[in-house]
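Here is how the chains run, residue by residue.
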Amino acid sequence: MDAEQPADTLSPDTLADAADQALDEIDQITSTDSSSNTSDSPDTDTSESLGSEESDHPDSDPDDASNDEPVYYHSDNSTFDVFHWANEIDEVKNNISVELFLFNKNYTPFRVRYSDKLTASVKAMFMQEATGYIIKEADKGLECREYEKSDGEDKVIYRTKLSNVGRAETLIHLIEHEYRNIDSWNDHVDEFKKVKGIIAKFTYPGDDGETKVFYIAKALSPSSALKGGTSWELNGESFEPFSAEVALKMPDDNQVAIIDGTVVIFNQSKFENLFQYDYKSQVIADEKAKELTDKYKLSFAEGLTLNTLLQDKKPLVKKLQSLDIAEEMPQEKLIDYADDMQLELMTDDDGSIIIMDDKDLTMFVNLLAEDYFISPVNGRRYEIKSKKLLSEPTGEPPRG
């Protein structure tokens, strides 16, 4: 595919120098702490090999070095047209810049650079594979449907709101708004086994002069990486020491794109694994969260909600699913129960139960399920992991 840049497109070297200069000016204006973990020094080659000593440059201008706010998020994806987007990107492909980030299992991003020699490969593997597939398959009946209303149909890609996928939204937020605090991968090379995936950020000028942004994300398997200490290179007829710290094969399939607040899903299972998104469990969790907040007065730490705390807490969601919240004990009785068990269930001046973290939430749900018990034999307290309701006794007890 054509990856040649027009004459008026800035080179990656020029972009990198401009970005570094702009970041330094921002430091002086805002008096940013000079001890920031983010480094503006050149990093490492991260496409076919990580840790190479070859000089390399980013192929994009960091958004925080510009006064223009990138256009990347809209709250409603009902009007999003993935086919129009693919054709638009195909038309401006030579004016698009790209920056790469690795992210770990905690969805913390790390900045990585790549060699100029890989620019065409990066664009082709991430961007042009996706747009080419959409354009080609559109003539063969490809459809884009809502992820929540579809499941496994042929000739279908899915879409959902970015706001529905908490981990993806968090990752994008960190890249867009916390760029200066993102560490260079060069400082975390020994943590490759914790890597979850790679995300490419594409930027290009819009018709009105604004900077438009979209992302392509792919899962990476640390087990497929080659490490320098245990790998050799076969060069011709002889083995030689492996020259890179880590080498990996980039996935060549389409997986996930994030465009204008919409997540486009090419591969359902890889999307769900990449961002740990289980729609059915999340629907159940949201329903139970509403039932709980309707019945109980709860107070959460700043930035937390019951919905976010229940994300990926499958054991808790399963336990809540087995409860009839409307029939459970009232708030006052639950607090008395916690006091009887000598548990540290906190309340505020209004009598609301304070939930500060996962531990508090687990305690609250266990209390609802009556999973704490004091033995009448030894007086010790127990947390019940599993219990079975006994049937009503029949007849007389054996000792009267």
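Provided above is the structure to which this section pertains.
As a starting point, this report considers the structure included with it. If you're wondering where the values come from, they're calculated on a predicted model, not measured in any experiment.

### Digging into the sheet that holds strand β7 (residues 195–205)
Then comes step 1: If you trace the eight strands from one edge of the open sheet to the other, you get β4-β3-β7-β8-β13-β14-β6-β5, paired in mixed fashion. The outermost strands of the open sheet, each flanked by one partner alone, are β4 (109–112) and β5 (143–146). Between one strand axis and the next, the sheet turns through 25 degrees on average, direction left out of account.
Then comes step 2: One ladder, built from four bridges, connects strand β3 (residues 97–104) with β4; its direction is antiparallel. Counterpart to Leu102 in the pairing with β4 is Phe110.
Then comes step 3: In this fold helix α3 (residues 119–138) packs onto β3, β6 (156–161), β7 and β8 (211–219), with an angle of close to 95 degrees to the strand it touches most, β8.

### As for the pattern of salt bridges
Then comes step 1: Applying the stated criterion across every chain yields a total of 12 salt bridges.
Then comes step 2: For Lys201, the salt bridge goes to Glu176, with nearest N and O atoms at 3.8 Å. Of the two residues, Lys201 is situated in strand β7 and Glu176 in helix α4 (residues 166–177); the sequence distance between them amounts to 25 residues.
Then comes step 3: When its relative accessible area of 2% is taken as the criterion, Lys201 is described as buried.
Then comes step 4: A salt bridge links Lys385 to Glu383, with the nearest nitrogen and oxygen atoms 3.3 Å apart.
Then comes step 5: On the basis of relative accessibility, which here comes to 72%, the residue Lys385 falls in the exposed class.
Then comes step 6: Three or more residues are tied together by salt bridges with common partners; here these are Lys319, Asp371 and Lys387.

### Details of helix α9 (residues 331–340)
Then comes step 1: Of all the positions in α9, only Gln331, Leu334, Tyr337 and Ala338 are classed as buried. Seen end-on, α9 carries its buried residues on one side only, within an arc spanning 120 degrees. Seen from the buried face of α9, the exposed residues on the opposite side, beyond 90 degrees, are Glu332, Lys333 and Asp340.
Then comes step 2: Close packing links the buried residues of α9 with β16 (353–355), α10 (358–368) and β17 (372–374).
Then comes step 3: Once α9 finishes, Gln342 follows within two positions and takes phi at roughly 55 degrees, a positive value.

Reading guide: rules and limits
- Residues numbered from 1 in each chain as written.
- Predicted model: local features only at pLDDT ≥ 70, side-chain atom pairs only at ≥ 80, totals over all residues.
- Heavy atoms only, no water.
- Pairing = 2+ DSSP bridges.
- Helix = DSSP H or I, 4+ residues; strand = E, 2+ residues; numbered from the N terminus.
- Axes fitted to C-alpha atoms, helices over the stretch in contact; angles between N-to-C directions.
- Contact = heavy atoms within 4.5 Å.
- Salt bridge = Lys/Arg side-chain N within 4 Å of Asp/Glu carboxyl O.
- Buried < 20%, exposed > 50% of the residue type's maximum accessible area, 1.4 Å probe, protein only.
- Arc of directions from axis to C-beta.

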